[in-house]
Amino acid sequence: MKTPALAHDGLTRMEVPPDMHTRKAKMHELADAYIALPGGYGTFDELFETITWSQIGHHQKPIGLLNTKNYYAPLLAAIDHAVNEGFIFEEHRDSLCCDSDPKRLLEAMALYEHPHEAVKRWMREE
């Protein structure tokens, strides 16, 4: 469904997939990296699927949060709590780039190194 009110007038191309699964597969195919802007359930769904894919080694692309007005602070606190409780490896937490400034976020993402050893440990391949 195309919602004209949400479509930017300057787009040179717009793809409207039939469902979320197709949308996420296309996003994964085209993306060199992922950045989540403040959003709702759909954003959280895409973000966590992308993080999970990285965690299990399905991709090695950087993932960033544009933390506008500290929007992601509560989510980051919950993720940090999961690290402290032993449900998330610290390397996986550290691989999630976050900044309120777009330029600094992109710079951090450019330095991203995928935590291969944490993936192996998580998948119990060692």
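Residues numbered from 1 in each chain as written. Predicted model: local features only at pLDDT ≥ 70, side-chain atom pairs only at ≥ 80, totals over all residues. Heavy atoms only, no water.

Colleague: So what about the side chain of Ser54? Which residues, and what values?
Modeller: Structurally, the position occupied by Ser54 is in helix H2 (residues 41-55). Every residue in contact with Ser54, bar those within four places of it in the chain, is listed here: His59, Ile63, Tyr112, His114 and Val119. (Helix = DSSP H or I, 4+ residues; strand = E, 2+ residues; numbered from the N terminus. Contact = heavy atoms within 4.5 Å.)

Colleague: Provide a residue-level description of the nonpolar core, including the pertinent values.
Modeller: Membership of the largest hydrophobic core is limited to twelve residues, which are Ala31, Tyr34, Ala36, Leu47, Ile51, Ile63, Leu65, Tyr72, Leu75, Leu76, Ile79 and Leu96. Going through the elements one at a time, strand S1 (34-36), H2, strand S2 (63-66) and helix H3 (73-84) are the ones with two or more residues in this core. The greatest single-element share of this core, amounting to three residues, is contributed by H3. (Core = buried A, V, L, I, M, F, W, Y, C linked by side-chain atoms within 4.5 Å. Buried < 20%, exposed > 50% of the residue type's maximum accessible area, 1.4 Å probe, protein only.)

Colleague: Can you lay out the pattern of salt bridges for me, pointing to particular residues and giving the numbers?
Modeller: Oppositely charged side chains may form a pair once their charged atoms are brought near each other. Tallying each qualifying case throughout the model produces eight salt bridges. A salt bridge links Glu49 to Lys24; the nearest nitrogen and oxygen atoms lie 2.9 Å apart. On the criterion of sequence distance, the pair formed by Glu49 in helix H2 and Lys24 in helix H1 (residues 20-30) is long-range, its members being 25 residues apart. According to the relative accessible area criterion, Lys24 is buried, its value standing at 6%. A salt bridge links Asp99 to Arg104; the nearest nitrogen and oxygen atoms lie 2.8 Å apart. Shared partners join several salt bridges into a network, and the residues in it are Lys24, Asp45 and Glu49. (Salt bridge = Lys/Arg side-chain N within 4 Å of Asp/Glu carboxyl O.)

Colleague: Describe the sheet that holds S2, listing the residues and the values that go with them.
Modeller: Either a parallel or an antiparallel arrangement is found when strands of a sheet pair, and the pairing is made through backbone hydrogen bonds. Spatial ordering of the open sheet is given by S1-S2-S3, a layout of three strands whose pairing is parallel. Only two strands of the sheet have a single neighbouring strand rather than two, namely S1 and strand S3 (96-99). Here the strands of the sheet are splayed against their neighbours by 25° on average, with no regard to which way each runs. Examined bridge by bridge, S1 and S2 share three bridges and lie parallel to one another. Bridge pairing links Ala36 to Leu65 in S2. Packed onto the sheet, H2 meets S1, S2 and S3 and runs at close to 150° relative to S2. (Pairing = 2+ DSSP bridges. Axes fitted to C-alpha atoms, helices over the stretch in contact; angles between N-to-C directions.)

Colleague: Provide a residue-level description of a nonpolar patch on the surface, including the pertinent values.
Modeller: A cluster of nonpolar side chains, contributed by Leu11, Met14 and Val16, occupies part of the molecular surface with about 250 Å² of accessible area. Relative to the helices and strands, Leu11 resides in the segment before H1. (Patch = residues over 30% accessible without salt bridge, like charges linked within 9 Å, V, L, I, M, F, W, Y side chains within 5 Å. Areas by Shrake-Rupley, 256 points an atom, 1.4 Å probe, with all protein chains shown as cover.)

Colleague: So what's going on with H2? Residues and values would help.
Modeller: The terminal C-alpha atoms of H2 lie 21 Å apart, and with 15 residues this matches the ideal 21 Å at 1.5 Å per residue to within 8%. Listing the buried residues of H2 in full gives Glu46, Leu47, Thr50, Ile51, Trp53, Ser54 and Gln55. Positioned one or two residues after H2, Gly57 has a phi angle of 85°, which is positive. (Expected span 1.5 Å × (residues − 1).)

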